[in-house]
Amino acid sequence: MSGPGETSGPEETSGPEETSGPEERKRLAEDERTVGEFGYRQELSRSLSWFSLFSVSFSIMSIATGVFLNFTFGMTHLGPVGIWIWPMVGVGQLLVALVISELGTRIPLAGAGYQWGARLIGPGYGWFIGALGILYAAVGVPGIVYLAVAPLTEHHLPPGHSYGYAIALASLVGVYTLAGFEAAADVAEEAVDAKRSVPRAILGSVVVSVVLGMLVLIGFTVAVPSDEVLAAGGLPAVFQYWLGEGLSRTFVGVVVFAMFALMVVSAAVVARLLFAMARDNVLPGSALLRRVNLTTRTPVPALLTGYVLNVAVLLFGHNSSNAFGTLVGATAVLPYLVYLLIVVAYGYRRRRLDAIDGAFDLGRFAGPVFCASLVYLVAVVLTLTLPDEFRSANHYVLGGLALAAVWWLVGLRPRLARGSAGAPVIGGHVPLSGDPKTKETKVTAVITETEANKENEA
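Nothing here was measured: the structure is a model prediction, and the numbers come from that model. (Residues numbered from 1 in each chain as written. Predicted model: local features only at pLDDT ≥ 70, side-chain atom pairs only at ≥ 80, totals over all residues. Heavy atoms only, no water.)

## Considerations on the pattern of salt bridges
Reasoning step 1: Under the criterion given, the structure shown has 8 salt bridges.
Reasoning step 2: The partner of Arg-279 in a salt bridge is Glu-189, and the shortest N-O contact between them spans 2.7 Å. Residue Arg-279 is located in helix α11 (residues 227-279), and its partner Glu-189 is located in the loop between α9 (183-186) and α10 (194-223); the two are separated by 90 residues in the primary sequence. Residue Arg-279 shares its accessibility class with Glu-189, and that shared class is buried.
Reasoning step 3: Salt-bridge contacts for Arg-272 lead to Glu-190; the nearest nitrogen and oxygen are separated by 2.8 Å. Separated by 82 residues along the polypeptide, Arg-272 in helix α11 and Glu-190 in the loop between α9 and α10 bring together distant segments of the chain. For the pair Arg-272 and Glu-190, one class covers both residues: buried.
Reasoning step 4: Within the structure, one salt-bridge network assembled from shared partners comprises Glu-102, Arg-106, Arg-350 and Asp-361. (Salt bridge = Lys/Arg side-chain N within 4 Å of Asp/Glu carboxyl O. Helix = DSSP H or I, 4+ residues; strand = E, 2+ residues; numbered from the N terminus. Buried < 20%, exposed > 50% of the residue type's maximum accessible area, 1.4 Å probe, protein only.)

Laid out in structure tokens, this is it:
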């Protein structure tokens, strides 16, 4: 039973929010109708423009945070030439972003990766994508906190390792930073004209981040006066060398503000993932996690749970013998495992997804983009799992997947067997074409039956 000011799902919510014109109201109504076609009610506040979505993705990638915290690490292991790995990673990420942008137009739902996996392949596949997403969200903020306080220059290339090994470690600057652009799709249920604004925000954030990040890297590299200065204090020492102590602190303050923005947005995104999975009754405690505050129209219990996970993982990493490898390595590899599973699902079911008039569509380029992004992601995952530096991160990921498998076997499979959990695979839900009145009746029937099963289970 919901607490004061909250709803657990079946209650009616208000219709399209008041906007300045009939065109906006029409778009809001269309967005809410889309949510209904997938068997849900519009519970979250739909008010985000494409620029707001762009800001979400851009803040998650946060080139100020990623470059500032990883620049010294890359320079230590490979030197100035390492900055040219950045545009290579940028091209690969753009390929993945193209796939995710198309999926964002076809299935514009909160907790995007989970929804795509569940509806393209099956509930089990979606569950493990969602579990990896939760692991990533849980370790992301602690990883940033550790990087912010760790003396990165203490991590040197061990003797006897190859040049390729150094490249793999130096690539962390790009792969660590240029991840998280899919956040715009995770909040799609709060976007106005989601089928069009989500892909614009994703692609725009990637392109802008790659270009600005390259300019920043070139500037930082040229500004390094000597290896000794960089080794002595990292980028803050470089700033102080050129700007003096006062301006240097101001610059670092800007970076700290960017970190804070990243943490706030990350918490909001993981809350949407938890809410989306709980709405399908696939998580322990789903009845609580799917509650939405009626005043703010946000999933408050899911938001608080995300913060608790961050604190727990931060304590785990602090007590680890290799906090750098555990937190930072896991933060780097987890999103790419999610991307890999999403791209595989896309390639498997792409032909069953109908094109949408006026929305982003890869068309005849879908096949080449899929193949290129798949090769790129496999290469990145291998790069982030094979070096000894990140071996403890592999243990964290495998341990998390083991826990996810236990819940899948013990708790989730019985729910799926009873029909009280999970989202239907594309092609198996009630068709929604034809007369609008018939469509509305079918949507209501789907929502009522789905919510009844999940409420009874909870």
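## Concerning the nonpolar core
Reasoning step 1: The biggest cluster of nonpolar side chains holds 119 residues, and the ones touching the most others in it are Trp-127, Leu-334 and Tyr-336.
Reasoning step 2: Every residue in contact with Trp-127, bar those within four places of it in the chain, is listed here: Tyr-114, Met-277, Val-282, Leu-283, Ala-404, Trp-407, Trp-408 and Leu-412.
Reasoning step 3: Counting residues in hydrophobic clusters, the runner-up holds 5 residues, among them Val-56, Ala-183, Val-265 and Val-269. (Core = buried A, V, L, I, M, F, W, Y, C linked by side-chain atoms within 4.5 Å. Contact = heavy atoms within 4.5 Å.)

## Digging into helix α3 (residues 63-77)
Reasoning step 1: Here α3 contains 15 residues, and its C-alpha end-to-end distance of 20 Å stays within 8% of the 21 Å for a straight helix at 1.5 Å per residue.
Reasoning step 2: Its axis deflected by about 45° at Asn-70, α3 carries its strongest bend there.
Reasoning step 3: Positive phi appears at Gly-79, one or two residues downstream of α3, with a value of about 95°. (Expected span 1.5 Å × (residues − 1). Bend = angle between axes of the 7 residues up to and from the residue.)

## Remarks on the confidence of the model for the protein chain
Reasoning step 1: On average, residues of the protein chain carry a pLDDT of 80, and 80% of them reach 70 or more.
Reasoning step 2: For the stretch residues 151-158, pLDDT sits under 50, and the model shows 22 contacts to residues farther than four places along the chain or on other chains.
Reasoning step 3: Contacts from residues 428-450, a stretch scored under 50 in pLDDT, to residues over four places away or in other chains number 17 contacts. (pLDDT = per-residue confidence, 0-100.)

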